[in-house]
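Residue-level structural notes
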Amino acid sequence: MSFIARIFGRPDSAAATAATATVSAEARSLADPAPWLLDLFGAVPASSGVTVSPTTAMRCTPVRAAVEAIAEGIGGLPLHVYRRGQDGARDRASDHPAYALLHDQANDWSPAPQFREQLTRDALLHGNGFAHIGRDATGTPRELIRLDPAVMIVERDQATGEPVYRLAQAVGQRALDRRDILHIAAPSLDGIKGTSPVQQCREAIALALAMERYAAALFGNGGRPSGILSFPAKLTADAASRIKASWQAATSGANTAGTAVLEEGGSFTPLAFSSTDAQFLELWQHVVTEIARVFRVPPHLIFELGRATWGNAGEMGATFLRFTLMRWIKAWEGEVRLKLLTQEERADHYAEFLVDDLLRADLAARATAYAQLIAARVLNPNEVRAMENRAPYAGGDEFLNPNTTSTTPNQEGEA
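These numbers were taken from a predicted model, which means no experiment stands behind them. (Residues numbered from 1 in each chain as written. Predicted model: local features only at pLDDT ≥ 70, side-chain atom pairs only at ≥ 80, totals over all residues. Heavy atoms only, no water.)

1. Overview of the sheet that holds strand β15 (residues 349–353)
Here we have 3 strands laid out as an open sheet, ordered β4-β3-β15, and antiparallel in their pairing. The open sheet has two edge strands with one neighbour each: β4 (90–92) and β15. Pairwise comparison of adjacent strand axes, ignoring direction, gives a mean angle of 40 degrees for this sheet. Across 5 bridges, strand β3 (residues 79–84) lies against β15 in antiparallel orientation. (Pairing = 2+ DSSP bridges. Helix = DSSP H or I, 4+ residues; strand = E, 2+ residues; numbered from the N terminus. Axes fitted to C-alpha atoms, helices over the stretch in contact; angles between N-to-C directions.)

Take a look at the structure:
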């Protein structure tokens, strides 16, 4: 039974009542909470002693950078609904009800890009992103409303194998039709409910958080190794307290460059960094790379630029699309086809992200590619101008090879 069922469930048998009474009678403290309580708040302590939850994970800078790289990428790419023609051509189906929901605004208060970004972020942090599809009396989708993943329950129907969705409420649970739930799921083992990368790989995230705390404490104390004050004779308690206060006032915090005055023949012996301290940056770089692996994000996108160069930056952008974003793009396109298109519409309608901007190269490379495509009569000049956000010109709709034709437009636009 899930943690929501523990809270809102209504046991209807004597055995279930007895089990509930046993759980209620069990004495637990905040120092040793029950597993279901940790599950409730999404907070699971790691071996390093750091509690990892979606909220604390976003305080880790590499995690935040990785999550935002994917979520903002999905939110920033245009998503269109297309209609196939009989001749193989395709046109944007701007008259389809789902087009406005996916491209313009999901509801009265959520722009479509922001909505897609948030659902993808939910899937990355919680394992699942949910939205309710509001339909009118004819069954036409009219709005998409995000649902909090913390109050959604997803289980497999043992008879049919299909997912069953329930919404936890103040009293009991409410069943939701699976056809009215837009579900963006992270990779999982059962194929029904996504598994959060944050919880699956919490040890790597906890290590990053622990190292951040260590660095903050180190530099909060001046960023210098501690040392030993030694004296030839035994000091009284008052003298030791006075010398310690004088030393700390002269050398700690903002006074790290101050000059300390030692009395009683004292001397200071600094302690060197340990091997672990000396390799802190190396360990930190390893942790950042581990988090990049967790989210399958190229390290340069979370600003780990150790192996990035100006020459391979463009190729790494294409790598991000192929091996990171494409999985989420296909998840969105599949859910839209399944939930927002009718059985009849699926024959000639489909949703597709426009990824041209991610593959856009520098101006010189684009000009060379465009010239080759025009010469091969794959594109005409006006189609190329549209791709570069420029107005068409008269005669630019013809498919001509400029390398083999001698007809060029004159100043008046006539051939």
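That covers the picture; the talk isn't over yet.
2. Section: the pairing of strand β10 (residues 163–168)
Of the pairings in the sheet, the one linking strand β9 (residues 152–156) to β10 comprises 5 bridges and is antiparallel in character. Within the sheet, the bridge partner assigned to R156 lies in β10 and is P163. Sheet analysis places β10 next to strand β11 (residues 173–176), joined by 4 bridges and oriented antiparallel. When the bridges of β11 are listed, L167 appears paired with R174. Counted along the chain from β10 to the antiparallel partner β11, the turn is 4 residues long, and its residue G172 has a positive phi close to 80 degrees.

3. Focus: the packing of helix α9 (residues 202–220) against helix α12 (residues 280–295)
Where α9 contacts α12, the two axes come as close as 9 Å, and the packing angle between them is 145 degrees. Regarding α9 and α12, the two cross each other, and that crossing is left-handed. Contacts between α9 and α12 involve A204, L207, A208, M211, E212, Y214 and A215 on the former and, on the latter, F280, L283, W284, V287, E290 and I291. Residue composition of the contact of α9 with α12, grouped by class: 11 nonpolar, no polar and 2 charged. (Left-handed = near helix turned anticlockwise from the far one by under 90°. Contact = heavy atoms within 4.5 Å. Nonpolar A, V, L, I, M, F, W, Y, C, P; charged D, E, K, R; others polar.)

4. Considering unusual backbone geometry
What you tend to see is this: most non-glycine residues have negative phi, and most peptide bonds are trans. Positive phi, normally seen in glycine, also occurs at R296, with a value near 55 degrees. Along the chain, R296 falls in the loop between α12 and α13 (313–340).

5. Considerations on the pairing of strand β8 (residues 141–147)
Consecutive side chains along a regular strand alternate between the two faces of the sheet. The sheet contact formed by strand β7 (residues 128–135) and β8 spans 6 bridges and is antiparallel. Paired with G134 across the strands is E143, a residue of β8. Where β7 hands over to β8, the hairpin turn is made up of 5 residues, of which G139 adopts a positive phi near 85 degrees.

6. Quick word on the nonpolar core
General note: in soluble globular proteins, nonpolar side chains tend to be found buried as a group. Core analysis: the largest hydrophobic core is formed by 57 residues, its most contacted members being L144 and F295. Broken down by element, the residue count for this core peaks at 8 residues, all from α13. Those residues in contact with F295 that sit more than four places away from it in its chain are V63, A66, V67, I70, L124, P197, V198 and T324. Core analysis: the second largest hydrophobic core is formed by 9 residues, F130, M152, L167 and I192 among them. (Core = buried A, V, L, I, M, F, W, Y, C linked by side-chain atoms within 4.5 Å. Buried < 20%, exposed > 50% of the residue type's maximum accessible area, 1.4 Å probe, protein only.)

7. Digging into the side chain of N380
If you trace the backbone, N380 turns up in the loop between α15 (363–375) and α16 (381–387). A distance of 3.3 Å separates the side chain of N380 from the backbone oxygen of D397, its partner in a polar contact. (Polar contact = N/O pair within 3.5 Å; in protein donor to acceptor, adjacent residues only side chain to side chain.)

8. Considerations on the confidence of the model for the protein chain
On average, residues of the protein chain score 79 in pLDDT, and 75% of them are at 70 or above. Highest mean pLDDT in the protein chain belongs to helix α7 (residues 112–126) (96); lowest belongs to helix α1 (residues 3–8) (40). A low-confidence stretch, residues 28–32 (pLDDT under 50), is modelled with 3 contacts involving residues beyond four sequence positions or located in other chains. Counting contacts from residues 410–415, a segment whose pLDDT is below 50, to residues more than four positions away or on other chains yields 3 contacts. (pLDDT = per-residue confidence, 0-100.)

9. Some details on the sheet that holds β7
Strand order across the open sheet formed by 3 strands is β8-β7-β12, with antiparallel pairing between neighbours. Because the sheet does not close on itself, it has two edges, and the strands there are β8 and β12 (181–185). Taking each pair of neighbouring strands and ignoring which way they run, the sheet shows an average axis angle of 25 degrees. Those strands touched by α7 are β7, β8 and β12, and its axis lies near 140 degrees from that of β7.

10. Considerations on the side chain of N382
In this fold, N382 is placed in helix α16. Classification of N382 by relative accessible area gives buried; the value is 8%. Residue contacts for N382: discarding those within four places in its chain leaves P392, Y393, G396 and D397.

11. A closer look at the pattern of salt bridges
With the rule as written, the count across this model stands at 13 salt bridges. The salt bridge involving D177 is made with R179; its shortest N-O contact spans 2.8 Å. One network of salt bridges, in which partners are shared, links E68, E117 and R121. (Salt bridge = Lys/Arg side-chain N within 4 Å of Asp/Glu carboxyl O.)

12. A look at α15
With 13 residues, α15 ought to run about 18 Å at 1.5 Å a step, and its terminal C-alpha atoms sit 18 Å apart, in line with that. Of all the positions in α15, only R366, Y370, I374 and A375 are classed as buried. Buried residues in α15, looked at end-on, bunch into an arc of 160 degrees, giving them a common side. Set apart from the buried face of α15 by more than 90 degrees, the exposed residues are A364 and Q372. Buried positions along α15 lie against α16. One or two residues past the end of α15 sits R377, with phi positive at roughly 60 degrees. (Expected span 1.5 Å × (residues − 1). Arc of directions from axis to C-beta.)

13. Re the environment of P392
Looking at where P392 falls in the secondary structure, it is placed in the segment after α16. C-alpha of P392 to C-alpha of N382: the two residues are 10 residues apart in sequence and 5.0 Å apart in space. Excluding its chain neighbours within four sequence positions, the residues that come into contact with P392 are N382 and R385.

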